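# Notes for the structure review
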Amino acid sequence: MSDTNDPILLACETYRNELIAAGLLVPLGTLGIYGLSGAFEAVVNRLDAYISRMGNHQNAEVIRFPPLFNRAHYLKTDHLQSFPNLMGSVHSFAGNEASHLELVRKKEEGEDWTRDLNMTESMMAPATCYSLYPNVSGTLPEGGRVFDLCGFVFRHEPSLDPARMQTFRMREYVRLGLPEQALGHRDTWLKRAHEMLLSMGLDATIVVANDPFFGRGGRVMAATQREQTLKFELVVPITSTEKPTAVMSSNYHMDHFGHTFKIKTADGQVAHSACMAFGMERITLALFKTHGFNTKHWPKEVCQVLEL
């Protein structure tokens, strides 16, 4: 155990240690990066299937994304300006044999060999939907488009909190179209997602939220986001009842991505977008915290919902 006296941090570390002892999480030497057991993945898979059943009515276009994101596309967004502390950039070696020998020498002598690496064309994906927008540039069909997305994302925030992983899966339903279509998607999914969490026996609450924008300017942006109620989160107690954890978020981007990636509606307007994002590992951790580590002992009603 760490020497912290912070009760919330102690609770986070205690739950993390319990998950590791139960074999559900496999520590990999870096805070926030874990291997996941078969029992953990079994719940993620049943949760994934439940989300699909609840979204079948949309006839959404299904895309599954890798954890890497094109650097040129990334630079079109304002992620670097807003969340520089969370980003991940992929670098690799691109030298010749002589520079390789120098690289190895630095590594063996404990010098900083990372300065000999070069940027690749890839970034770590900060959100699943970021990979979508560059691929839907142009004019949408009448009625817009709806997408069912999933992929691993990365956020550099190492933590003792097992629910604050550095890499995790984000399942999203994204709506592109007119403002009323995007807002309707956001509001409908917010209500549906809340009902889903309650049906799984989780003590979920809807709260107005903001993204963790960086710096002094970020505080202004966060305040504006809250004032305009552009972001809602569904929070559930995992390691703390005083500070419950966001396990889902519902976001209305207005025409931000429409402008950035030149996406137009059928009548020529700049498209608006909204998404409902499910944190797959966080919801699973909330389920284990609420119902125990053995799914055979979970409430019958929860098992029926998840078809366990």
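Residues numbered from 1 in each chain as written. Predicted model: local features only at pLDDT ≥ 70, side-chain atom pairs only at ≥ 80, totals over all residues. Heavy atoms only, no water.

### Notes on the sheet that holds strand S14 (residues 272–279)
Note on sheets: strands pair through backbone hydrogen bonds, and any given pair is parallel or antiparallel. Reading across from one edge, S3-S8-S9-S14-S12-S11-S10 is the order of the 7 strands in this open sheet, with mixed pairing throughout. In this open sheet, the two edge strands, each paired with only one partner strand, are strand S3 (61–65) and strand S10 (205–208). Here the strands of the sheet are splayed against their neighbours by 20° on average, with no regard to which way each runs. Looking at chain direction, strand S12 (residues 245–254) and S14 are connected through 6 bridges and run antiparallel. Each bridged residue has a counterpart across the sheet, and for Ser-249 the counterpart in S14 is Ala-277. Of the strands in this sheet, strand S8 (145–154), strand S9 (167–177), S10, strand S11 (231–236), S12 and S14 are in contact with helix H6 (residues 179–199), which crosses S14 at around 15°. (Pairing = 2+ DSSP bridges. Helix = DSSP H or I, 4+ residues; strand = E, 2+ residues; numbered from the N terminus. Axes fitted to C-alpha atoms, helices over the stretch in contact; angles between N-to-C directions. Contact = heavy atoms within 4.5 Å.)

### Things to note about the pairing of S9
In summary, the side chains of a regular strand alternate between the two faces of the sheet. Counting buried positions over the 11 residues of S9 gives 10, a clear majority of the element. Pairing analysis gives 10 bridges linking S8 to S9, with the strands arranged antiparallel. Bridging from a neighbouring strand, Arg-145 pairs with Leu-176 of S9. Of the pairings in the sheet, the one linking S9 to S14 comprises 8 bridges and is antiparallel in character. Its bridge partner being in S14, Met-170 is matched across the sheet by Gly-279. (Buried < 20%, exposed > 50% of the residue type's maximum accessible area, 1.4 Å probe, protein only.)

### Focus: the pattern of salt bridges
Under the defined criterion, the tally for this structure stands at 17 salt bridges. A salt bridge links Arg-169 to Glu-41; its shortest N-O distance comes to 2.6 Å. In this pair, Arg-169 sits in strand S9 while Glu-41 sits in helix H2 (residues 38–55), placing the two residues 128 residues apart along the sequence. Close ionic contact of Arg-105 with Glu-102 constitutes a salt bridge, the shortest N to O distance being 2.7 Å. One end of the pair, Arg-105, and the other, Glu-102, are both in helix H5 (residues 97–108), 3 residues apart, so they sit about a helical turn from each other. In the salt-bridge network here, residues are joined through shared partners; they are Asp-48, Arg-64, Asp-148 and Arg-171. (Salt bridge = Lys/Arg side-chain N within 4 Å of Asp/Glu carboxyl O.)

Scope: geometric values only; no functional claims are made or implied.
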